[in-house]
Amino acid sequence: MIFLNWKANGNKNLIEEFKTLNLNTNFVVMPPHHLLSSKFGTITIGSQSVSQFNNGSYTGEITAQMLSDVNAKYCLVGHSERRNHYKENNESLSKQITNLINYNITPILCIGENSAERQNNTYFNVLNNQLSICRKECIIAYEPIWSIGTGLIPTNQEIIEIKNFIKNSYNNPKVLYGGSVNASNIKAILSTEVDGTLIGGASIKVDEVKQIQQIIQNR
Ligand code: PGA
């Protein structure tokens, strides 16, 4: 599965351009919240975040019920940008996961170490801690922070090491890789037999998504 995280980018025109690609159900578009209720045709949609709260007096929040209302099938939980900018932690993330499960939305729990943690070999501890809130309904997205938006990607061996670690420790969940994935490296990344990828920067480039679609079809 290929998850396209538009982050705080995109508009109604981009949706129209994406509709011409005829993306199949292997692709999930994750637009900013205000676009979630637009007409996506047959495109599967997901959300980039959800509130830890349910409906009520929480100004500015989007709840799991609201996501269910617009037919979002997946939702990111704990993307490193959310952990960093909005101080999301295991406590609030765990509530988000519960809310999503209650509305039958698949949580995609994002985990990943920073470059210091990779270099001083503490990354397994970091990942273990982030994984401690995993539930059987979750998909795990391994996104090393040092790889997001940098063009740096782990070696296939490094991806396989983490994928096996996650699958062996937590009831064999689906594992995605994310971080600087694009049309020129996705084939090599998928050869590690991860279950899919989470794509940021390249996901708002229609031509690039088209190339990715062709690569997936020809596998
Ligand atoms: P990137 O972002 O593809 O731009 O590295 C990935 C992500 O943040 O999910």
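Everything that follows concerns the structure shown earlier in this document.
In this report, the structure presented in the accompanying data block is examined. Source: prediction; values computed, not measured.

Turning next to the nonpolar core. Generally speaking, a soluble globular protein has its nonpolar side chains buried in company with each other. Leu 4, Phe 18, Leu 67 and Ile 166 are the most contacted members of the largest nonpolar core, which totals 55 residues. Apart from residues no more than four positions distant in its own chain, Leu 4 is found in contact with Phe 18, Leu 23, Phe 27, Val 28, Val 29, Met 30, Ile 199, Ser 203 and Val 209. Judged by nonpolar contacts, the second largest core, of 11 residues, contains Phe 3, Tyr 74, Ile 108 and Leu 198.

This part takes up the side chain of Glu 143. Structurally, Glu 143 is set in the loop between strand E6 (139–142) and helix H7 (156–169). For the buried Glu 143, no salt bridge exists, and the shortest N-O distance to an oppositely charged side chain is 6.6 Å, to Lys 7. Ignoring anything within four residues of it in the chain, the contact list for Glu 143 reads His 79, Cys 110, Ile 111, Gly 112, Ile 148, Gly 178, Gly 179 and Leu 198.

Near the ligand you find 13 residues, and of these Lys 7, His 79, Glu 143, Gly 149 and Ser 180 are the closest. The backbone of Gly 149 places a nitrogen or oxygen atom 2.7 Å from an oxygen atom of the ligand. Contact with the protein chains covers 95% of the free accessible surface of the ligand, which is 280 Å². Residue classes in the shell around the ligand are distributed as 3 nonpolar, 8 polar and 2 charged.

A separate point is the pairing of strand E1 (residues 2–5). Residues Ile 2 and Leu 4 line one face of E1 and the alternating positions Phe 3 and Asn 5 line the opposite face, and both faces are buried. Sheet topology places E1 next to strand E2 (residues 27–30); 4 bridges connect them, and they run parallel. Of the residues in E2, the one forming a bridge with Leu 4 is Val 29. Considered for its hand, the β-α-β crossover made up of E1, helix H1 (residues 12–19) and E2 is right-handed. Note: E1 against strand E8 (residues 196–199), 3 bridges, orientation parallel. When the sheet's bridge partners are listed, Leu 4 is paired in E8 with Ile 199.

Here we take up the sheet that holds strand E4 (residues 74–77). As summarised here, the arrangement of the 8 strands in space is E1-E2-E3-E4-E5-E6-E7-E8, forming a closed barrel in which the pairing is parallel. Strand-to-strand twist of the sheet, defined as the mean angle between neighbouring strand axes without regard to direction, takes the value 25°. Each of E4 and strand E5 (106–111) is contacted by helix H4 (residues 90–102), which is oriented at about 175° to E4, the strand it contacts most. This element, helix H6 (residues 123–131), spans E5 and E6 of the sheet and lies at about 155° to E5.

Further remarks concern the pattern of salt bridges. Counted according to the given criterion, the structure contains 8 salt bridges. Residue Glu 16 pairs with Lys 19 through a salt bridge whose shortest N-O separation is 3.2 Å. You can see Glu 16 and its partner Lys 19 sitting in helix H1, 3 residues apart, about one turn around the helix. Given a relative accessible area of 45%, Glu 16 falls into the partly exposed group. Residue classification places Lys 19 among the partly exposed residues on the basis of a relative accessible area of 26%. Here Glu 113 and Arg 118 are joined by a salt bridge, their closest N and O atoms 2.9 Å apart. Both residues of the pair, Glu 113 and Arg 118, belong to the buried class.

Our focus in this paragraph is the environment of Val 181. Relative to the assigned elements, Val 181 resides in the loop between strand E7 (175–178) and helix H8 (186–190). Distance from Val 181 to Leu 152, taken between C-alpha atoms, is 9.4 Å for residues 29 residues apart in sequence. When residues no more than four places from it in sequence are discounted, the contact partners of Val 181 are Ile 186, Ile 189, Thr 197, Leu 198, Ile 199 and Ala 202.

In a pair of packed helices, the angle between the axes and the distance between the axes together describe the arrangement. At a minimum axis separation of 12 Å, H6 and H7 run at an interaxial angle of 40°. For the element pair H6 / H7, the angle class is oblique. Judged by the sense of rotation from one axis to the other, the crossing of H6 with H7 is right-handed. Facing Tyr 123, Phe 124, Leu 127, Asn 128 and Leu 131 of H6, the residues of H7 in contact are Glu 161, Ile 162, Phe 165 and Ile 166. Here the residues of the contact of H6 with H7 sort into 7 nonpolar, 1 polar and 1 charged.

Quick notes on the rules
Residues numbered from 1 in each chain as written. Predicted model: local features only at pLDDT ≥ 70, side-chain atom pairs only at ≥ 80, totals over all residues. Heavy atoms only, no water. Core = buried A, V, L, I, M, F, W, Y, C linked by side-chain atoms within 4.5 Å. Buried < 20%, exposed > 50% of the residue type's maximum accessible area, 1.4 Å probe, protein only. Contact = heavy atoms within 4.5 Å. Helix = DSSP H or I, 4+ residues; strand = E, 2+ residues; numbered from the N terminus. Lys, Arg positive; Asp, Glu negative; His and termini not counted. Salt bridge = Lys/Arg side-chain N within 4 Å of Asp/Glu carboxyl O. Near = heavy atom within 4 Å. Polar contact = N/O pair within 3.5 Å; in protein donor to acceptor, adjacent residues only side chain to side chain. Areas by Shrake-Rupley, 256 points an atom, 1.4 Å probe, with all protein chains shown as cover. Nonpolar A, V, L, I, M, F, W, Y, C, P; charged D, E, K, R; others polar. Pairing = 2+ DSSP bridges. Right-handed = clockwise from strand over helix to strand, strands pointing away. Axes fitted to C-alpha atoms, helices over the stretch in contact; angles between N-to-C directions. Parallel < 35°, antiparallel > 145°, perpendicular 65-115°, else oblique. Left-handed = near helix turned anticlockwise from the far one by under 90°.

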